[in-house]
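As a plain string of letters, each chain reads:
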Amino acid sequence: MAYVKDAPKSRDMSALRQVLIFLWPHKLRLLGATAALMLTAGATLSLGYGVRILIDSGFSAGNQDGLKSAVLLLVGISMAMAFGTFVRFYLVSWLGERVSADLRSAVFRNLVRLHPGFFEQNQAGEIMSRLTTDTALLQTLIGSSVSLAARNTLTLVGALALMLFTNFKLSLFILLIVPLTIAPILIFGRKVRRLSSESQDSIASVGSYAGEVLQSIKVVQSFKQEGREVSAFDGEVDRAFVIAKRRIRQRSILMAVAIFLSLSGMTAMLWSGGNDVISGRMTAGDLGAFVFYAIMVGGAFATLSEVWGDLQRAAGAAERLLELLATTSQVPDEGRALPAPGPERVVFDRVGFFYPSRPDNTALDAFNLVIAPGKSLALVGPSGAGKSTVFELLQRFYDPQSGAIRYGDTDLRQFSLHSWRSKTALVPQNPVLFTGTVRDNIAYGKPDARDSDVLAAARAAHADVFIRELPGGFDCTLGAQGMQLSGGQRQRIALARAILDDPEILLLDEATSALDTESEYHVQQALGDIMRGRTTVIIAHRLSTIINADQIAVMDQGQVVATGTHEQLLLQSPLYKRLAELQFREAPLTPARSVVEQTEVERSTSDG
Ligand SMILES: Nc1ncnc2c1ncn2[C@@H]1O[C@H](COP(=O)(O)OP(=O)(O)OP(=O)(O)O)[C@@H](O)[C@H]1O
């Protein structure tokens, strides 16, 4: 993925620090969690004192009362610990869930506003997995790792201090162990972190691979490529496993080394401390307390070394999420002007444009076009001429690199995206339906539309009859992408959606083949009604549409090569004449033939 690979890999935890900014709005809970954390750490440390009293005033002294009060003290400490743990665990887990939810929302909020080109360069499947796995990692991080780290750091510092206080000489043993343990943690930790990030990447690519295959399952099965896809997927999975294995190995070594070093240090300390007790230089209680502290120090160290790995993994995740969060749209929404309410003409003025992913391929080249208000304009031209590109630019999915597109006298870039896009609506060649009811799909652009308006839009799109025949009618639930509807039905729902939106400028990408004659007839009827008096730009494939358009622009290689009416173009534009002959599979056309006659011919050819 481009944005991951290009990202500078910071070696520090600055990404994590930025994520922690998301904690700020919940500072009261954070404060509560910190207080609970300190209470439990304090209680844990005072257990050592309890142990000393238990040994020295209890069984070493043979004093039952002393034993009893020591036991009571321990019970009190346990209760404080239980209470503190309850509060800490609750608040910290709450924070983890809340922050990862906030982060997920923030990333998604940014994603849906990005220029569509971003999703051509970065696979949707991989981005999805960032949204789920990376945020889950951060949730574990905040919900447990950070608190573990804080708790253990507190215990470590406290236990070290108490150790020094209890017995200075023995403490030196422990202090000797500290640097010995830190060194391998730093060395292996760095390796673990790099492998973690690779591991996340490869898991994300496993996910996106599966997503793509499953989405195209019919093509896979029809070409009988299940076996190949399975082995290719196995390859992806194994690659992810190999990376994970390396990470696990490094991490196991990290833990083993840390534990071995701390425990052997402790054994040496017991040996020396045991000698002191035997020779009377130290009480058994002191040694007990000391051992307790030393175990705490060792334990805290081992935990910290493990949590350090987690923190590093999470730092990788945070980095990638923040990259998604920091990506800015290449179609900036900076304009504040509002487009004039009335229909105005749209002018492409020497527009030069290439898709950012293919800078060497000019899609529109000094492109000039005037779209008259309230009129229909058909775009025709060979494949790759740039017709769809005109639509993309009209909706500001991209901005031209040179020249300008103006509405009236104002550059589109001076309008806010929202106000400009309120003017346009697209009926795409392959209509996109969402999971939900028919009604939801029609009202997608106006979710609070009245039922009567939805019905009227459906009627205008000649869709009401078939919708009523669906189980549940307008409440019929369409599965993902509306797969149970025919192409023509989907297109009429998309049309109804556009009609309900009542755009000033209608963009129509005519389906080339999805429609049978009857659907086509219905769609044509519907279109005739809604195009009347409305600025309509059509990527035209059907002769009837083309001849009925007020104007036709013939495009070739990113330029308009001729404009006029059908009759004029047949005479003036050899390209148009050739296209007309090829595209409409007709005998040589002559301007003299009547519109009705041509439409009839077209009907009969599409029937056949
Ligand atoms: N998303 C994209 N990224 C990069 N290049 C693109 C993209 N979409 C189109 N192109 C390129 O831009 C040029 C114009 O394509 P466009 O889709 O506008 O042509 P078209 O006239 O609509 O063709 P068709 O009739 O086949 O749909 C072509 O060279 C095409 O390869």
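- Looking at an unreviewed UniProt entry, one finds the protein named ABC transporter, permease/ATP-binding protein and attributed to Luminiphilus syltensis NOR5-1B.
- Recorded under Subcellular location (unreviewed entry), the UniProt text for the protein is reproduced unchanged: "Cell membrane".

### Some thoughts on the overall build of the protein
Stage number 1. Regarding its fold elements, the protein presents 21 helices and 12 strands.
Stage number 2. For the protein, the C-alpha radius of gyration of 36 Å lies well beyond 25 Å, the compact-globule estimate for 608 residues.
Stage number 3. By the burial criterion, 37% of the 608 residues in the protein qualify as buried.

### Considerations on the UniProt feature "transmembrane region" (unreviewed entry) in the protein
Stage number 1. Summarizing the sequence annotation, UniProt attributes the feature "transmembrane region" (unreviewed entry) to residues 30-51, 71-91, 136-164, 170-189, 253-272 and 284-304 in the numbering used throughout.
Stage number 2. What you have in residues 71-91 is 100% helix and 0% strand, and the ends, taken at the C-alpha atoms, are 30 Å apart.
Stage number 3. Along residues 284-304 the backbone is 100% helical and 0% strand, and the end-to-end C-alpha distance reaches 30 Å.

### Focus: the nonpolar core
Stage number 1. In terms of nonpolar packing, the biggest core is built from 69 residues, with Ala378, Leu379, Ile442, Leu495 and Ala496 touching the most fellow members.
Stage number 2. Here the element with the most residues in this core is helix H16 (residues 487-501); it accounts for seven residues.
Stage number 3. Residues lining this core come from more than one domain, with at least three contributed by each of domain 2 (346-423 + 503-607) and domain 3 (437-499).
Stage number 4. Excluding anything up to four places from it in sequence, Ala378 contacts Ile538, Ala540, Thr545, Ile546, Ala549 and Ile552.
Stage number 5. Formed by 59 residues, the second largest nonpolar core is a distinct cluster that contains Ala159, Ala294, Met296 and Val297.

### A short note on the site of the ligand
Stage number 1. Near the ligand, the surroundings consist of 14 residues, among which Tyr355, Ser383, Lys387, Ser388 and Thr389 are the closest.
Stage number 2. Among the elements that make up the shell around the ligand, the one with the highest residue count is helix H11 (residues 387-394) (three residues).
Stage number 3. Broken down by class, the residue content of the shell around the ligand amounts to three nonpolar, eight polar and three charged.

### Digging into helix H4 (residues 64-111)
Stage number 1. End to end, H4 covers 69 Å across 48 residues, agreeing with the expected 70 Å (1.5 Å per residue, within 8%).
Stage number 2. By the burial criterion, the buried members of H4 are Ala70, Gly84, Arg88, Leu91, Val92, Leu95, Gly96, Val99, Ser100, Leu103 and Val107.
Stage number 3. Buried positions along H4 lie against helix H2 (14-20), helix H3 (27-59), helix H6 (124-166) and helix H10 (284-326).

Rules behind the numbers
- Residues numbered from 1 in each chain as written.
- Predicted model: local features only at pLDDT ≥ 70, side-chain atom pairs only at ≥ 80, totals over all residues.
- UniProt positions renumbered as here; feature names shortened; annotations may be inferred.
- Helix = DSSP H or I, 4+ residues; strand = E, 2+ residues; numbered from the N terminus.
- Rg over C-alpha atoms; globule rule 2.2 N^0.38 Å.
- Buried ≥ 20, exposed ≤ 12 C-beta atoms within 10 Å, placed from the backbone.
- Core = buried A, V, L, I, M, F, W, Y, C linked by C-beta atoms within 7 Å.
- Domains from an automatic or database assignment.
- Contact = placed C-beta atoms within 7 Å.
- Near = placed C-beta within 6 Å.
- Nonpolar A, V, L, I, M, F, W, Y, C, P; charged D, E, K, R; others polar.
- Expected span 1.5 Å × (residues − 1).

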